[in-house]
Amino acid sequence: MKNKLSFGIILFSFVSAFAQITKEDITKEIKPLTEKVKTLQSENNKLKTEISSINSKLATVNLKLETLDQKVQSNASDIQNTNSELNGKITSSETTTNHKFTQVDNSLSNNSLWSIIGILGAIIVSGFVYWLVSKRQTIDKTDVEAQISKTTKTLEEEGVKLDTKLTEVLETQLKLIQEERAKTPANKSEEIDHSLALKVADEIVRINKNLSNMDTSTKGLKQLSASVKRIEDTFAANGYDMPEILNKPFDSRVKMVANMVEDENLGKGIEIITKIIKPQVNYKGVLIQSAQVEVSVGQ
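## Section: the packing of aromatic side chains
Part 1 of the reasoning: The full count for this structure, using the stated rule, is two aromatic pairs.
Part 2 of the reasoning: For the pair Tyr240 and Tyr283, a centre-to-centre distance of 4.8 Å together with 40° between the ring planes defines the contact as tilted. Note that Tyr240 is positioned in strand 1 (residues 240-241) and Tyr283 in strand 4 (residues 281-283), a separation of 43 residues in sequence. Residues Tyr240 and Tyr283 agree in their burial class; the two are buried.
Part 3 of the reasoning: Pairwise contacts between aromatic rings join Phe235, Tyr240 and Tyr283 into one cluster.

Structure follows, in structure tokens:
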């Protein structure tokens, strides 16, 4: 009895304490929970929307994959068909090629002998034609050279005749000058004209150069040589002389105009007069014309 009374007192105390909790306190406790529930619902809706979008995209991807798989299967089938066609064409080409090679081999076997004979014949004919052309060219070249030689000799002979007549004229003029000077009194002083003598000197040098280059069998050559010798004697009788300087060492101390030309055939430092352009002329031992020469210089 006593225990029941104690339980009753405790129960009454608990109910009294619970009764003291007001509606306002309950509202304050429930409101945050309500807001959290709303937030969770909003997030849940968003998640549902995203899941729906993802499911839609997955459906599109799956559709594309199915289409791609169909195309791959179609391409594989096409490749297999093409491969079969190519194998057939290759086999056909090999058969055709082998057949053509067989035909070519047979043709070569049948025609090889005639081809060799034809080639040898062409070579023989070409060689014969070349021999004929070469012979003809040799004959033509010989004829041309003979004609040139004949023409050159004719020109040389005509030149010899002209030079012979020229020396005769110059010799006559020198003799006339010699006679006129002989008539001039020794005590009479007048300036002497050397123009004819200088002209004669130039012609003597030119003719002697031509004589050295001509064939000794040239017609009239001996007569011209004799004429030049006579004019040289008459030239000297008039008091003129030309020092021999051709093929002599060049002396820079001697008054002359020199054109220096390098010559690899001469030793280093050697200088030789190899060409006379104008001769040196003296009158009674006095220089009246300086020489103009070409000098070869060794390297």
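## Details of the sheet that holds strand 1
Part 1 of the reasoning: Taken in spatial order, the three strands line up as 1-4-5 in an open sheet, and their pairing is antiparallel. Bordering the open sheet on either side are strand 1 and strand 5 (286-289), each of which pairs with just one other strand.
Part 2 of the reasoning: Packing of helix 3 (residues 195-213) onto the sheet brings it into contact with strand 1, strand 4 and strand 5, and relative to strand 5 it is tilted by some 75°.

## What to know about the layout of surface pockets
Part 1 of the reasoning: Considering only enclosed or pocket space, the largest pocket measures out at about 510 Å³ in volume.
Part 2 of the reasoning: What lines the largest pocket is a set of 21 residues, and nearest its centre among them are Val205, Asn208, Glu244, Leu246 and Ile276.
Part 3 of the reasoning: Listed by contribution, the elements that provide at least two residues to the lining of the largest pocket are helix 3, helix 4 (221-237), strand 1 and strand 3 (271-278).
Part 4 of the reasoning: Considering each element in turn, the lining of the largest pocket owes the most residues, six residues, to helix 3.
Part 5 of the reasoning: Classifying every residue of the lining of the largest pocket by side-chain character gives 11 nonpolar, five polar and five charged.

## Things to note about the pairing of strand 5
Part 1 of the reasoning: Bridging between strand 4 and strand 5 involves three bridges; their strand directions are antiparallel. Considered in strand 5, the bridge of Val281 is made with Gln289.
Part 2 of the reasoning: If you look at the hairpin formed by strand 4 and strand 5, you'll find two residues sitting between the two strands, and Lys284 has a positive phi there, around 50°.

## Brief notes about the pattern of salt bridges
Part 1 of the reasoning: Under the counting rule described, the total for this entry stands at nine salt bridges.
Part 2 of the reasoning: With its nearest N and O atoms 3.6 Å apart, the salt bridge here joins Glu171 to Arg230. Taken together, the residues span a long stretch of sequence, with Glu171 in helix 2 (residues 23-183) and Arg230 in helix 4 at a distance of 59 residues.
Part 3 of the reasoning: For Glu171, a relative accessible area of 9% gives the class buried.
Part 4 of the reasoning: On the accessibility criterion, Arg230 (37% relative accessible area) is partly exposed.
Part 5 of the reasoning: Its salt-bridge partner being Glu203, residue Arg206 comes within 2.8 Å of it at the nearest N-O pair. Taken as a pair, Arg206 and Glu203 lie in helix 3 at a separation of three residues, close to a single helical turn.
Part 6 of the reasoning: Taking the relative accessible area as the measure of exposure, Arg206 reaches 32% and is therefore partly exposed.
Part 7 of the reasoning: According to the relative accessible area criterion, Glu203 is buried, its value standing at 10%.
Part 8 of the reasoning: Three or more residues are tied together by salt bridges with common partners; here these are Asp163, Lys199, Glu203 and Arg206.

## With respect to the side chain of Thr234
Part 1 of the reasoning: Inspection of the secondary structure puts Thr234 in helix 4.
Part 2 of the reasoning: Of the residues examined, Thr234 reaches a relative accessible area of 8% and is grouped as buried.
Part 3 of the reasoning: Filtering out sequence-adjacent residues up to four positions away, Thr234 remains in contact with Glu171, Leu174, Lys175 and Gln178.

## What about unusual backbone geometry?
Part 1 of the reasoning: Positive phi, normally seen in glycine, also occurs at Asn247, with a value near 65°.
Part 2 of the reasoning: Structurally, Asn247 can be placed in the loop between strand 1 and strand 2 (256-263).
Part 3 of the reasoning: Looking at Asn247, the relative accessible area reads 53%, which means it is exposed.
Part 4 of the reasoning: Of note, Lys284 is a non-glycine position whose phi angle comes to about 50°, a positive value.
Part 5 of the reasoning: Residue placement: Lys284 occurs in the loop between strand 4 and strand 5.
Part 6 of the reasoning: Under the relative-accessibility criterion, Lys284 is labelled exposed at 63%.

## Looking at the nonpolar core
Part 1 of the reasoning: Core analysis: the biggest nonpolar cluster contains 13 residues, and Leu174, Val200, Ile231, Phe235, Tyr240 and Val281 have the highest contact counts within it.
Part 2 of the reasoning: At the level of secondary structure, the elements contributing two or more residues to this core comprise helix 2, helix 3, helix 4 and strand 4.
Part 3 of the reasoning: The dominant element in this core, judged by the number of residues it contributes, is helix 3, at six residues.
Part 4 of the reasoning: Among the nonpolar cores identified, the runner-up in size contains eight residues, and Phe250, Met256, Ala291 and Val297 belong to it.

Analysis parameters
Residues numbered from 1 in each chain as written. Predicted model: local features only at pLDDT ≥ 70, side-chain atom pairs only at ≥ 80, totals over all residues. Heavy atoms only, no water. Phe/Tyr/Trp six-rings, centres within 6.5 Å; stacked < 30°, edge-to-face > 60°. Helix = DSSP H or I, 4+ residues; strand = E, 2+ residues; numbered from the N terminus. Buried < 20%, exposed > 50% of the residue type's maximum accessible area, 1.4 Å probe, protein only. Pairing = 2+ DSSP bridges. Contact = heavy atoms within 4.5 Å. Axes fitted to C-alpha atoms, helices over the stretch in contact; angles between N-to-C directions. 1 Å grid on protein atoms, 1.4 Å probe; cavity = no way out; pocket = protein on both sides within 12 Å on 5 of 7 lines; lining within 4 Å. Points joined across faces, edges and corners; volume = space filled by probe spheres on them. Nonpolar A, V, L, I, M, F, W, Y, C, P; charged D, E, K, R; others polar. Salt bridge = Lys/Arg side-chain N within 4 Å of Asp/Glu carboxyl O. Core = buried A, V, L, I, M, F, W, Y, C linked by side-chain atoms within 4.5 Å.

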